[in-house]
Amino acid sequence: MYAFHQKVWANLVFFFSLAIIEILLYLGMKNLVPFLMLFVLLSGCKTENESKKKTIVEAPKELEAEVHKTNVQFAEGFKVKQYEGYKKLTLKNLWPGSDKEFNFILVKDADNFKSKKKFDGIIEVPLKSIVVTSTTHIPSLEMLGVEDRLVGFPNLDYISSEKTIQRIDAGEIMELGKNEDLNTELLVELQPDLMVTFAIDSDNSSAERIQEIGIPVLYNGDWNETTPLGKAEWIKFFGVLMGKEKTADSIFNRIKIDYTNAKNVAGQSESKPTVLSGAMYRDLWHLPQGGSWAAQLIADANGEYLWNDTEGTGSSSLNVESVLEKGKNAQYWIGPGQFTSLDQMKEAHSAYEQFDAYQNNNVYSFTNKKGANGGVLYYELAPNRPDMVLKDIGKILHPELFPDHELYFFTKIE
């Protein structure tokens, strides 16, 4: 509409000026005609240039109206809004205490997207190639069927997925060094469409260096989610980047249904076994706080986690005496650090064998199942499949209610 009015006004000026020229010629004032002609030309050029300038900076009107909002139910770290012609990805809560929000535009053709609004970046989707930096990102790519788009990863030995290890052995995924010091020369050689990383605080100089060499970077905050389903819902984050939104929705809905069903089954038990967790590290016992996702999994499995009343979503560091006083009579010990046998625990610290769960052989670990190169399966897959973790814990605490389930992540250590 603005351009239309500009054009009408230009035409009126032009014809009005021609009328004045004819009058001047009639009156014999020919010496003024060249100046008036110059005025007409300059006016027309100025109007045309202004119109073009406006067209460049304005987004088409249909891009301004929101038509759909992707349904994110549990995750608090991201949301997606879909507009006519593009999507906006908003990221927040990416590291503890962060109040910074990032907004990215996802579009098929970045060259044709123009907007007056400012964003943190414009990313062309669907991605054809990607670099990720956490093993928790890999299951999402595999579940979406786009694992072949992964071209680089730091510390390949941490990966436990057999499917991805096969691609590593075939030379299809490049080793990129360490997370805190990525090999930028190899990244330049790979030229991925995007690198997905994570941040533990606001000092993200490594990611900034990657952006300076022309590779877009997105932060994934799945690890900062406090609920099991919140972590798992980040598959939708990868879904929108890979053009697999419907597939991601379908996968997550299945996980949510299975998780809810397992919780309901466990809730049928009248007993609520007591649970101890964690182990010693450098003279302090580290165990999950009451607001952590590990504590919620035990609660949803109808167990009584003895430190459920502690505040926080991370871990607590306690002296061994206080843990022994409160947890000595716990019926089950789930997640005893990196230990894989009772003898190993006994050799590490004499206090371990004083707990009832140790004496009754009710200690369950998730560190026994590892990939070919030593990566722990639980660390990689568990955040993406809380339904499987919940069934495992339900089987441990209420075996009679899960007769057909075989432990997937956990094993009873002997």
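Located above this text is the structure these notes cover.
Model, not experiment: these values are computed from the prediction. Starting from 1, residues in each chain are numbered consecutively following that chain's sequence as written. Totals for whole chains, interfaces and linings use all residues, but because this is a predicted model, local features are given only for residues with pLDDT of at least 70 and pairs of side-chain atoms are given and counted only at 80 or more. Water and hydrogen atoms were dropped before computing side-chain values, which therefore reflect all heavy atoms in the structure.

Asks: How should the packing of helix 9 (residues 245-266) against helix 10 (residues 293-300) be read in this particular structure?
Replies: For any two helices packed against each other, the geometry comes down to the angle between their axes and how far apart the axes lie. Angles here are taken between N-to-C directions and fall from 0 to 180 degrees, while the axes themselves are lines fitted to C-alpha atoms, restricted in helices to the stretch in contact. In this text, helices come from DSSP runs of H or I with a minimum length of four residues, and strands from runs of E with a minimum of two, each type numbered from the N-terminal end. Their axes nearest at 9 Å, the elements helix 9 and helix 10 cross at an angle of 55 degrees. Accordingly, the angle class assigned to the pair helix 9 and helix 10 is oblique. In this structure, helix 9 contributes Tyr-259, Lys-263 and Ala-266 to the contact, and helix 10 contributes Gln-296, Leu-297 and Asp-300. Angular relationships are summarised with four words: roughly parallel below 35 degrees, roughly antiparallel beyond 145, roughly perpendicular across 65 to 115, and oblique for the angles in between. Any pair of residues with heavy atoms lying within 4.5 Å of one another is described as a contacting pair.

Asks: Could you clarify how one ought to interpret the pairing of strand 2 (residues 78-83) in this entry?
Replies: For a regular strand, the rule is simple: side chains alternate between the two faces of the sheet. For two strands to be treated as a pair, DSSP must find at least two bridges joining them. Two strands pair when backbone bridges link them, and strand 2 and strand 3 (residues 86-91) are joined in this way by six bridges, in the antiparallel orientation. Residue Gln-82 lies in a different strand from strand 3, and its bridge partner there is Lys-87. Count of turn residues in the strand 2/strand 3 antiparallel hairpin: two residues, of which Gly-85 carries a positive phi of about 100 degrees.

Asks: What should I look at first to understand the pattern of salt bridges in this one?
Replies: One side chain can pair with another of opposite charge once the charged atoms of both are near each other. Here, a salt bridge means any side-chain nitrogen of Lys or Arg that lies within 4 Å of a carboxyl oxygen of Asp or Glu. All told, the structure shown has 10 salt bridges when counted by the stated rule. Two residues, Asp-249 and Lys-236, come together in a salt bridge whose shortest N-O distance is 3.9 Å. In this pair, Asp-249 is assigned in helix 9 and Lys-236 in helix 8 (residues 235-242), connecting sequence segments 13 residues apart. Burial classes: relative accessible area under 20% of the type maximum marks a residue as buried, over 50% as exposed, and values in between as partly exposed (1.4 Å probe, protein chains only). Lys-236 sits in the buried class, given a relative accessible area of 7%. The shortest N-O distance in the salt bridge between Arg-385 and Asp-387 comes to 2.7 Å. Exposure remark for Arg-385: the relative accessible area of 21% places this residue in the partly exposed category. A residue is classified by how much of its surface remains accessible, and Asp-387, at 0% relative accessible area, is buried. Residues joined by salt bridges that share partners form a network here, namely Glu-233, Lys-236 and Asp-249.

Asks: In this structure, what is going on with the nonpolar core? I would like to understand it.
Replies: Within soluble globular proteins, side chains that are nonpolar tend to cluster in buried spots. If you look at the biggest cluster of nonpolar residues, it comprises 105 residues, and the most contacted ones within it are Leu-91, Phe-237, Leu-241, Trp-285, Trp-333 and Phe-410. Ranked by residue count, the leading element in this core is helix 9, at seven residues. As used in this record, nonpolar core signifies buried Ala, Val, Leu, Ile, Met, Phe, Trp, Tyr and Cys residues forming a set joined through side-chain atoms within 4.5 Å. Listed in part, the five residues of the second largest apolar core include Tyr-83, Tyr-86, Ile-105 and Phe-113.

Asks: Looking at this structure, how should I read the sheet that holds strand 20 (residues 411-412)?
Replies: Within a beta sheet, neighbouring strands are joined by backbone hydrogen bonds and run either parallel or antiparallel to one another. The five strands are arranged 16-13-18-19-20 in an open sheet whose pairing can be described as mixed. Each edge of the sheet is formed by a strand with only one pairing partner; in this case those strands are strand 16 (304-305) and strand 20. In this structure, strand 13 (residues 274-276) lies alongside strand 18 (residues 332-334), joined through two bridges in parallel fashion. Each residue of the ladder has a partner; that of Leu-276, found in strand 18, is Trp-333.

Asks: Would you take a moment to explain the sheet that holds strand 8 (residues 174-175) for this structure?
Replies: Spatially, five strands are ordered 8-7-6-11-12 in an open sheet, and the strand pairing comes out parallel. Sheet topology places strand 8 and strand 12 (217-219) at the edges, where each strand pairs with a single neighbour. Packed on one face of the sheet, helix 8 meets strand 6 (130-132), strand 11 (194-197) and strand 12 and runs near 175 degrees to strand 11.

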